[in-house]
2 protein chains.
Amino acid sequence: MNKPYQILIADDHQMFIDGIKLIFSNHPEYEIVAEALSGKDVLDRFKTNKIDIAILDVNMPKPNGFETCKIIKKQYPDCKIMILTMYAEGQFLNEFIDSGASAYVLKNAGKAELLRALESIVNGQVYIGKQLKLIADVPEKDGFSKSFSLTKRELEIIALLAKEKTSAEIAEILFISTYTVNTHRKNILNKLDVKNTAGLIKYASESGIV
Amino acid sequence: MNKPYQILIADDHQMFIDGIKLIFSNHPEYEIVAEALSGKDVLDRFKTNKIDIAILDVNMPKPNGFETCKIIKKQYPDCKIMILTMYAEGQFLNEFIDSGASAYVLKNAGKAELLRALESIVNGQVYIGKQLKLIADVPEKDGFSKSFSLTKRELEIIALLAKEKTSAEIAEILFISTYTVNTHRKNILNKLDVKNTAGLIKYASESGIV
DNA sequence: ATCACAATACCTATTTATAGGTATTTTTCA
DNA sequence: TGAAAAATACCTATAAATAGGTATTGTGAT
């Protein structure tokens, strides 16, 4: 086997770092050689360790994930970087593209997706978490660029539809008019280019947002 | 109707117990007659209650799920036991078989699977969660995969619903009456214990049917 | 041969979803 | 601050789904 990839993990919560370490514990192709609790920490670790892949939390203190990423990329252009984020916020997409990172994944993505993202990275590809792709205008790599972006509200409504709620029930839960819910549903169906709720739920399920 | 099955739930997190109770709240065929927060608790409850089915968390304190299970089985061989686990860990499979339990299900399995597992149990079958079966290489004895008892026709209709077809379209494709399609849909919703097509497609998607 | 189940079909009533609009207010960002 | 995007709301009409039934025919297993 090749030498394992040397990985740095950075997050301001030690527990989260431990969780990630656990995932890697039975994956000898990756070796965690450094941990950091802040952006400044990360840069220090880079001075003493050889890092192949850095996994950075967006919401890290001092220089945040994206800022840290840019600095690293300038000094160590060969290092691949994965950005982890807590919430599916679309506005960070531009920052992500700017930062030069190779992967953008939700924290609650689960083990399988984390490993898939790493695999993409080591193969020189860019990986964007499925949930994040839904809310961002990301061109699909296979020519057909399905370009849509679901808003926060639309994602809320999808989540409730997946819980078998009717428009009227959703309206009550969100304190808005049933008319509004139906408008949102109309827009969602158009954006995702599906014909009905069945298609919508199937799409959402496959994309990992429900 | 027959007398409801008397159920005990054991988990060291009260919130989880409450969640399970909610699932049963509109299933009068099951009645929760006891709760326990530890293995020792469970054994105490057995002394005062008649229990038909015990639902035990693996990671319970004192005697854990499997140990508790063995003790119960020795004293109350007629009691059926369902073991719940947080993670899809294969190494517990042997313990499960040893323990004499009747069902082994992931905690995040969802309502439908929980109910299906219970149905299997009361029919004297052994049920192993789909995700667990995948990692455990359990031979497909007759009855395992059939436990959710969807008919061939019902599966066809689910597949077409996932392709965004309406009842009328399905009727045309299958050369049957729309009435018949709707009857099937009614039966499917009942069997899977979902409220509408959204729930149906979500379930089908999670189960790998579509 | 009979029994259970699957598949079929029909009926009615009600609820919910979809499709076509228009239009105002609020938020976000350049 | 001004434009764009998001969220809101309303209206109407039709299509579709859901829920409650009942009932007949085919089919495979004991």
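Refer to the structure printed above.
Note that the coordinates shown come from a computational prediction; the quantities given were computed from them, not determined experimentally.

Caption draft 1: Summary view of the protein's contact with DNA strand D. Taken together, the neighbourhood of DNA strand D is formed by 17 residues, with Thr-151, Arg-153 and Ser-177 of chain A together with Lys-186 and Thr-197 of chain B sitting nearest. Each atom of DNA strand D within 4 Å of the protein was assigned to sugar, phosphate or base; sugar and phosphate come to 63%. Between DNA strand D and Arg-153 of chain A, the relevant distance is 2.6 Å, taken from a phosphate oxygen to a side-chain nitrogen or oxygen of the residue. For the surface near DNA strand D, the secondary structure elements donating two or more residues are α7 (152-162) and α9 (178-192) of chain A together with α9 (178-192) of chain B. Along the lines of polarity and charge, the residues of the surface near DNA strand D split into 3 nonpolar, 10 polar and 4 charged.

Caption draft 2: Broad picture of the protein's contact with DNA strand C. Near DNA strand C there are 18 residues, and of these Lys-186 and Thr-197 of chain A together with Thr-151, Arg-153 and Ser-177 of chain B occur at the shortest range. A share of 64% of the atoms of DNA strand C within 4 Å of the protein falls on sugar and phosphate groups. With respect to DNA strand C, the side chain of Thr-180 of chain B contributes an N or O atom lying 2.9 Å from a phosphate oxygen. Here a phosphate oxygen of DNA strand C and a side-chain polar atom of His-184 of chain B are 3.0 Å apart. Listed by contribution, the elements that provide at least two residues to the surface near DNA strand C are α9 of chain A together with α7 (152-162) and α9 of chain B.

Caption draft 3: Here's a closer look at the environment of Ala-103 of chain B. Residue and element names in this part refer to chain B. Position of Ala-103 among the secondary structure elements: in strand β5 (residues 103-106). The buried category is assigned to Ala-103, whose relative accessible area is 0%. For the pair Ala-103 and Leu-114, spaced 11 residues apart in the sequence, the C-alpha separation amounts to 9.5 Å.

Caption draft 4: A look at the nonpolar core. Core analysis: the largest hydrophobic core is formed by 36 residues, its most contacted members being Ile-170, Ile-188 and Leu-200 of chain A together with Ile-170, Leu-192 and Leu-200 of chain B. For this core, the secondary structure elements donating two or more residues are α7, α8 (167-174), α9 and α10 (197-207) of chain A together with α7, α8 (167-174), α9 and α10 (197-207) of chain B. Examining the composition of this core, we find that 6 residues originate from one element, α7 of chain A, more than from any other. Setting aside chain neighbours within four positions, we find Ile-170 of chain B in contact with Ile-157, Leu-160, Leu-161, Lys-165 and Val-181 of chain B.

Caption draft 5: Expanded view of the interface of chain A and chain B. Listed by partner, the interface residues are 13 residues for chain A and 13 residues for chain B. For the pair chain A and chain B, the summed buried surface comes to about 1200 Å²; carbon and sulfur atoms form 52% of the total. On the surface where chain A and chain B come into contact, there are 2 salt bridges. Here Lys-195 of chain A makes a salt bridge to Glu-169 of chain B, at a shortest N to O gap of 3.6 Å. Between the two partners, chain A and chain B, sit 5 residue pairs in polar contact (both at pLDDT 80 or more).

Caption draft 6: Quick look at unusual backbone geometry. For Glu-164 of chain A, which is not glycine, the phi dihedral falls at a positive 70°. As for its position among the elements, Glu-164 of chain A is in the loop between α7 and α8. We note that Asp-193 of chain B has phi near 55°; this positive angle belongs to a residue other than glycine. Note on Asp-193 of chain B: relative accessible area 24%, which makes it partly exposed.

Basis of the calculations
Residues numbered from 1 in each chain as written. Chains lettered and ligands numbered in written order. Predicted model: local features only at pLDDT ≥ 70, side-chain atom pairs only at ≥ 80, totals over all residues. Heavy atoms only, no water. Near = heavy atom within 4 Å. Polar contact = N/O pair within 3.5 Å; in protein donor to acceptor, adjacent residues only side chain to side chain. Helix = DSSP H or I, 4+ residues; strand = E, 2+ residues; numbered from the N terminus. Nonpolar A, V, L, I, M, F, W, Y, C, P; charged D, E, K, R; others polar. Buried < 20%, exposed > 50% of the residue type's maximum accessible area, 1.4 Å probe, protein only. Core = buried A, V, L, I, M, F, W, Y, C linked by side-chain atoms within 4.5 Å. Contact = heavy atoms within 4.5 Å. Buried area = accessible area lost by both parts, 1.4 Å probe. Salt bridge = Lys/Arg side-chain N within 4 Å of Asp/Glu carboxyl O.

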